[in-house]
Amino acid sequence: EGVTFDEVPIDFANAAVDSVLPEFNAPGGVVLLVYSLVMSRGMERLRADMSAETGIVEGSLIAGPNNICSMELVSLMLIGVARANVFAYHQVTKAKVAWPEGLGVGMLSSMEKEAGQPLADGLKNPSTPVYLLHGGDHFTTLFRVNPAAAGEDAAAAAGVAADAAGEGAVGEGEGEDEGGEPAPVTWYHYNGLPPGGPRMATLEITAKGGVAGPAPKTQQDHFIKPVPGEIDDIVQAHPDDKKDRPDEWNTWRFEAVLAIDDPDVQGAAPPADYKPPLFTNRLAEFAPGTGSAWRCRSCYANRFSTFCFGINEPSSTTCEHCNKVPTVEDQGWSIWLTYDELPGGYKRLVTNRHGPKALVLLQGKWPGSVVKSLDDAKLPSV
């Protein structure tokens, strides 16, 4: 029969939507909703929305062979504008941009980790306790039934401060119990699609690191040169720990190489009050010739040009690959640290690599939080 459209005055929009809710809730109803959104916005305004920052319409509302919902369509649903950019900064000018309130619904997305940019403040701190969780090619919903939750989040975000030791920007917690610890808060997560759903999960979130605050006023896109002796990179998780406790990444050991004052590495100087944990005094525990295979720091630093990762036999005291004799002064070999020994920023790094995707998304809002599923041993899929 085709699709027909009725124009209604804005004052009667709520009643009009109510009258067609049965159609929207029926099979195929989401397609009708998309049609309604597109026609309400209008094709010319849609094109203008989608090209607002770059001058180019770079995609479509529905993407790829699997009909994935684009960010432009998500924005159209949340704020009535098909905005492509959901980050805190303009794609061209790099100026900080505001996110309209719209429905007051937020979003936590894996794009934040992948792009290395914070989402817009209005998405991280919405006016209602409702979030879309974007795990990559799938959207699920997180919500809280207590209407005071959004106000608590907003108050927490207002007190944001940057931790000079690399803990990131965090604010006050969502409330404390009598012992001064953050009180756990109950949220609900809904996944409507197989294979992870349909499923409604009850989550308990303890915001031990507070609430992520607003993005910096200017985009932080410069590289800060590391301090000699701090962690320069995490090489890998210990294979034995991964095998023995595959789901317990926060109990594993991690191999780390330490930073040196390398004149070939260019970057901004760290802030005057930057005092990261230094681990040079741990090198002796893992020194070449003490009984364990060891990794040459120099070889690892040049791995992209030599394709050599610098692993040496336990009995070797000279690198078998570059023939250098490593020293403590040049942070010459890697060390192993437990998860608990890692600084906050590296805890986040290994959690991003090895932790459940749901936890990674939630820690984008609540850094360092502890999340438990009250219905199942594992967190829900996102």
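All values derive from a computational prediction rather than experimental measurement.

A. Looking closely at a nonpolar patch on the surface. The grouping of V3, F5, V30, V31, L32, L33, Y35, M39 and M77 at the surface amounts to a nonpolar patch, some 740 Å² of accessible area in total. As for its position among the elements, F5 is in the segment before α1 (13–19).

B. Summary view of the side chain of R297. Position of R297 relative to the elements: it lies in helix α10 (residues 297–301). Excluding residues within four positions of it along the chain, R297 makes contact with D232, V257, L258, A259, I260, D330, Q331, G332 and W333.

C. Spotlight on the confidence of the model for the protein. Here the protein averages 88 in pLDDT, and 91% of its residues register 70 or above. pLDDT under 50 marks residues 154–175. Its contacts with residues more than four places away, or in other chains, come to 53 contacts.

D. Spotlight on the pairing of strand β11 (residues 253–258). Across the six residues of β11, five count as buried, placing the element largely inside the fold. Direction of pairing for strand β10 (residues 231–237) relative to β11: antiparallel, over a ladder of five bridges. Following the sheet pairing, I234 is matched in β11 by A256. As paired strands, β11 and strand β14 (residues 335–338) are joined by four bridges and run antiparallel to one another.

E. The pattern of salt bridges, seen in detail. Going through the model one piece at a time under the given rule, you end up with twelve salt bridges. A salt bridge links D49 to R41, with the nearest nitrogen and oxygen atoms 2.8 Å apart. Of the two residues examined, D49 and R41, each falls in the buried class. A salt bridge links D121 to K96; its shortest N-O distance comes to 2.7 Å. Separated by 25 residues along the polypeptide, D121 in helix α7 (residues 121–124) and K96 in the loop between α5 (71–79) and β3 (106–109) bring together distant segments of the chain. Judged by its relative accessible area of 22%, D121 falls in the partly exposed class. Three or more residues are tied together by salt bridges with common partners; here these are D241, R245 and R253.

F. Representation of the sheet that holds β11 within the structure. Pairing in this open sheet of three strands is antiparallel, and the strands run β10-β11-β14 from one edge to the other. In the strand order of this sheet, the two ends are held by β10 and β14, each with one partner. Within the sheet, the average angular offset between the axes of one strand and its neighbour, ignoring direction, is 40 degrees. Along the sheet face, helix α12 (residues 344–354) touches β10 and β11 and points at about 30 degrees away from the line of β10.

G. Expanded view of the packing of helix α3 (residues 29–41) against helix α4 (residues 43–50). Orientation of α3 relative to α4, taken along the N-to-C sense of each, is 90 degrees, at an axis distance of 6 Å. In terms of orientation, α3 and α4 fall into the roughly perpendicular class. Across from V38, S40 and R41 in α3, the residues of α4 making contact are M43, R45, L46 and D49. Looking at the contact of α3 with α4, its residues break down into three nonpolar, one polar and three charged.

H. The arrangement of α5 in detail. Counting buried positions over the nine residues of α5 gives eight, a clear majority of the element. The complete set of buried residues in α5 reads M71, E72, L73, V74, S75, L76, L78 and I79.

I. Molecular detail of α12. Residues of α12 that are buried: G344, Y346, V350 and T351. End-on, the buried residues of α12 take up no more than an arc of 160 degrees, which puts them together on one face. The secondary structure elements touched by the buried residues of α12 are β10, β11 and α13 (357–365).

J. Up close: the nonpolar core. Among the nonpolar cores identified, the biggest contains 40 residues, and I231 and L362 are the most heavily contacted of them. Secondary-structure elements contributing two or more residues to this core are β4 (130–134), β8 (185–191), β9 (199–206), β10, β11, β14, α12 and α13. Of the residues forming this core, the biggest block, four residues, is contributed by α13. The contacts of I231, once residues within four sequence positions are left out, are A256, V257, L258, F279, L337, L342, P343 and Y346. M71, V105, L123 and L132 belong to the second-largest nonpolar core, a separate cluster that totals 13 residues.

K. Representation of the environment of L46 within the structure. In this structure, L46 sits in helix α4. Judged by its relative accessible area of 4%, L46 is buried. Residues L46 and K372 lie 326 residues apart in sequence; the distance between their C-alpha atoms is 41 Å. Contacts of L46, omitting those with residues within four sequence positions, involve V38, R41, L61, L76 and A82.

L. Spatial organisation of unusual backbone geometry. P195 follows P194 through a cis peptide bond whose omega is 5 degrees. Tracing the chain through its elements places P195 in the loop between β8 and β9. With omega at 5 degrees, the peptide bond leading from G197 into P198 counts as cis. A positive phi angle, near 70 degrees, is found at K94, a position not held by glycine. In this fold, K94 is placed in the loop between α5 and β3. Phi at N323 is positive, roughly 65 degrees, even though this residue is not glycine. Here N323 shows up in the loop between β13 (311–312) and β14.

Thresholds applied
Residues numbered from 1 in each chain as written. Predicted model: local features only at pLDDT ≥ 70, side-chain atom pairs only at ≥ 80, totals over all residues. Heavy atoms only, no water. Patch = residues over 30% accessible without salt bridge, like charges linked within 9 Å, V, L, I, M, F, W, Y side chains within 5 Å. Areas by Shrake-Rupley, 256 points an atom, 1.4 Å probe, with all protein chains shown as cover. Salt bridge = Lys/Arg side-chain N within 4 Å of Asp/Glu carboxyl O. Helix = DSSP H or I, 4+ residues; strand = E, 2+ residues; numbered from the N terminus. Contact = heavy atoms within 4.5 Å. pLDDT = per-residue confidence, 0-100. Buried < 20%, exposed > 50% of the residue type's maximum accessible area, 1.4 Å probe, protein only. Pairing = 2+ DSSP bridges. Axes fitted to C-alpha atoms, helices over the stretch in contact; angles between N-to-C directions. Parallel < 35°, antiparallel > 145°, perpendicular 65-115°, else oblique. Nonpolar A, V, L, I, M, F, W, Y, C, P; charged D, E, K, R; others polar. Arc of directions from axis to C-beta. Core = buried A, V, L, I, M, F, W, Y, C linked by side-chain atoms within 4.5 Å.

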